[in-house]
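What follows is each chain in one-letter form.
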Amino acid sequence: DAGVTQSPTHLIKTRGQQVTLRCSPKSGHDTVSWYQQALGQGPQFIFQYYEEEERQRGNFPDRFSGHQFPNYSSELNVNALLLGDSALYLCASSLETAGANVLTFGAGSRLTVL
Amino acid sequence: GENVEQHPSTLSVQEGDSAVIKCTYSDSASNYFPWYKQELGKRPQLIIDIRSNVGEKKDQRIAVTLNKTAKHFSLHITETQPEDSAVYFCAARVNYGGSQGNLIFGKGTKLSVKP
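Residues numbered from 1 in each chain as written. Chains lettered and ligands numbered in written order. Predicted model: local features only at pLDDT ≥ 70, side-chain atom pairs only at ≥ 80, totals over all residues. Heavy atoms only, no water.

Chemist: Sorry, what's going on with the state of the cysteines here?
Modeler: In a disulfide, the sulfur atoms of two cysteines are held together by a covalent bond. All names here are of chain A. Following the criterion strictly, the structure yields two disulfides over all chains and no others. The side chain of Cys23 participates in a disulfide bridge whose partner is Cys91; the two sulfur atoms lie 1.8 Å from each other. Sign of the S-S torsion, about -60 degrees for the bond between Cys23 and Cys91, identifies this disulfide as left-handed. In this pair, Cys23 is assigned in strand S3 (residues 19–24) and Cys91 in strand S9 (residues 87–94), connecting sequence segments 68 residues apart. For the pair shown, Cys23 and Cys91 are each scored as buried. (Disulfide = S-S within 2.5 Å. Helix = DSSP H or I, 4+ residues; strand = E, 2+ residues; numbered from the N terminus. Buried < 20%, exposed > 50% of the residue type's maximum accessible area, 1.4 Å probe, protein only.)

Written as structure tokens, this is what we have:
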């Protein structure tokens, strides 16, 4: 049973560019959440997708956008990259049923903005 | 919104000793409190969680306690081993209208277990 898979694992971009990160949830999961983890910090919530819609959003600008596909996979897009966007981007999946809301994390995509 | 404070930021213990990490949260509606372990360069992994209708939960050498009145919860690791060395994150979640809320994480505690 595959867990949460993310791609790419590492990438380097320059300021002003755009990036797309991808996530496949754990088999059987239908909800995808994205987190940004800066070096030495805890993960910060970006947004959550369920039934192909953004259901909740953290304190991130509109440069951060996402999508969920019918197969539950998800993408995170960041436009007009800033140096401060350099971080580990974690995708986490879960199942939207009462009491079954444990998050399973992927290994992350390490983004470096130069 | 919810805010989670975690202490200490670093903790060093001798192998075999106990380690305690404490977290406080601000939103009394939070009802789910997981703890994640993150080894260097790896994904956060759930090690134990507790729901608001329970005061304590134990799994072998790991235990979590929750005090809803004081809005704090703690992770206890007994008989620490070098492989327990990692960064530990606490988190809290509020579920809205039956839907899953997002997790709010603490800033992490770097635990070092000296052999």
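Chemist: Could you clarify how one ought to interpret the confidence of the model for chain B in this entry?
Modeler: Reading predicted coordinates in detail is not appropriate for stretches of low pLDDT. Mean pLDDT for chain B: 92, with 95% of residues reaching 70 or above. The weakest mean pLDDT in chain B belongs to strand S10 (residues 103–105) of chain B at 91; the strongest belongs to strand S3 (residues 19–25) of chain B at 98. (pLDDT = per-residue confidence, 0-100.)

Chemist: Can you help me understand the sheet that holds strand S1 (residues 4–7) of chain B in this one?
Modeler: Sheet strands pair via backbone hydrogen bonds, and the direction of the pair is either parallel or antiparallel. Residues and elements named next belong to chain B. Across the sheet, which stays open at both edges, the five strands sit in the order S1-S3-S8-S7-S6 with antiparallel pairing between neighbours. What marks the edges here is a single partner per strand, and that holds for S1 and strand S6 (56–59). Pairs of neighbouring strands in the sheet enclose a mean axial angle of 15 degrees, with direction left out of account. Relative to S3, S1 is paired through four bridges, and the arrangement is antiparallel. Across the sheet, Val4 pairs through a bridge with Tyr25, a residue of S3. (Pairing = 2+ DSSP bridges. Axes fitted to C-alpha atoms, helices over the stretch in contact; angles between N-to-C directions.)

Chemist: Would you take a moment to explain the nonpolar core for this structure?
Modeler: Buried together is how nonpolar side chains tend to be arranged in soluble globular proteins. Grouped together as the largest cluster of nonpolar side chains are 23 residues, with contacts concentrated most on Trp35, Phe73, Leu75 and Leu111 of chain B. Of all the elements in the fold, those that place two or more residues in this core are strand S2 (10–14), S3, strand S4 (32–38), strand S5 (45–51), strand S7 (62–67), strand S8 (72–77), strand S9 (86–93) and strand S11 (109–114) of chain B. One finds Leu11, Val19, Val32 and Leu76 of chain A within the second-largest nonpolar core, a separate group that totals 20 residues. (Core = buried A, V, L, I, M, F, W, Y, C linked by side-chain atoms within 4.5 Å.)

Chemist: Help me out: how do you make sense of the interface of chain A and chain B in this one?
Modeler: Frequently, the measure chosen for interface size is the accessible area removed from exposure when the parts meet. Listed per partner, the contact involves 26 residues of chain A and 21 residues of chain B. Contact between chain A and chain B buries roughly 1800 Å² in total, counting both sides, with carbon and sulfur atoms accounting for 44%. At the surface where chain A touches chain B, the tally comes to zero salt bridges. Summed over the shared surface of chain A and chain B, the result is five residue pairs in polar contact (both at pLDDT 80 or more). Contributions of two or more residues to the side of chain A that touches chain B are made by strand S4 (31–37), strand S5 (44–50), strand S6 (53–57) and S9 of chain A. Class assignment for the residues of the side of chain A that touches chain B results in 12 nonpolar, 12 polar and two charged. (Contact = heavy atoms within 4.5 Å. Buried area = accessible area lost by both parts, 1.4 Å probe. Salt bridge = Lys/Arg side-chain N within 4 Å of Asp/Glu carboxyl O. Polar contact = N/O pair within 3.5 Å; in protein donor to acceptor, adjacent residues only side chain to side chain. Nonpolar A, V, L, I, M, F, W, Y, C, P; charged D, E, K, R; others polar.)

Chemist: Whenever I open this one, the sheet that holds strand S8 (residues 74–78) of chain A confuses me. Can you help?
Modeler: Residues and elements named next belong to chain A. Sheet architecture is open: four strands sit in the order S1-S3-S8-S7, paired in antiparallel fashion. Because the sheet does not close on itself, it has two edges, and the strands there are strand S1 (5–7) and strand S7 (64–68). In this sheet, adjacent strand axes meet at a mean angle of 15 degrees when their direction is disregarded. Where S3 and S8 come together, five bridges link them in antiparallel fashion. Each residue of the ladder has a partner; that of Val19, found in S8, is Val78.

Chemist: Whenever I open this one, the pattern of salt bridges confuses me. Can you help?
Modeler: Side chains that carry opposite charge are capable of pairing whenever their charged atoms lie near each other. As enumerated under the stated definition, the model contains five salt bridges over all chains in all. The partner of Arg63 of chain A in a salt bridge is Asp85 of chain A, and the shortest N-O contact between them spans 2.9 Å. You can see Arg63 of chain A sitting in the loop between S6 and S7 and its partner Asp85 of chain A sitting in the loop between S8 and S9, a full 22 residues away along the chain. This pair shows no difference in class: Arg63 of chain A is buried, exactly as Asp85 of chain A is. Residues Asp84 of chain B and Arg61 of chain B are paired through a salt bridge, measuring 2.9 Å at the closest nitrogen-oxygen approach. Separated by 23 residues along the polypeptide, Asp84 of chain B in the loop between S8 and S9 and Arg61 of chain B in the loop between S6 and S7 bring together distant segments of the chain.

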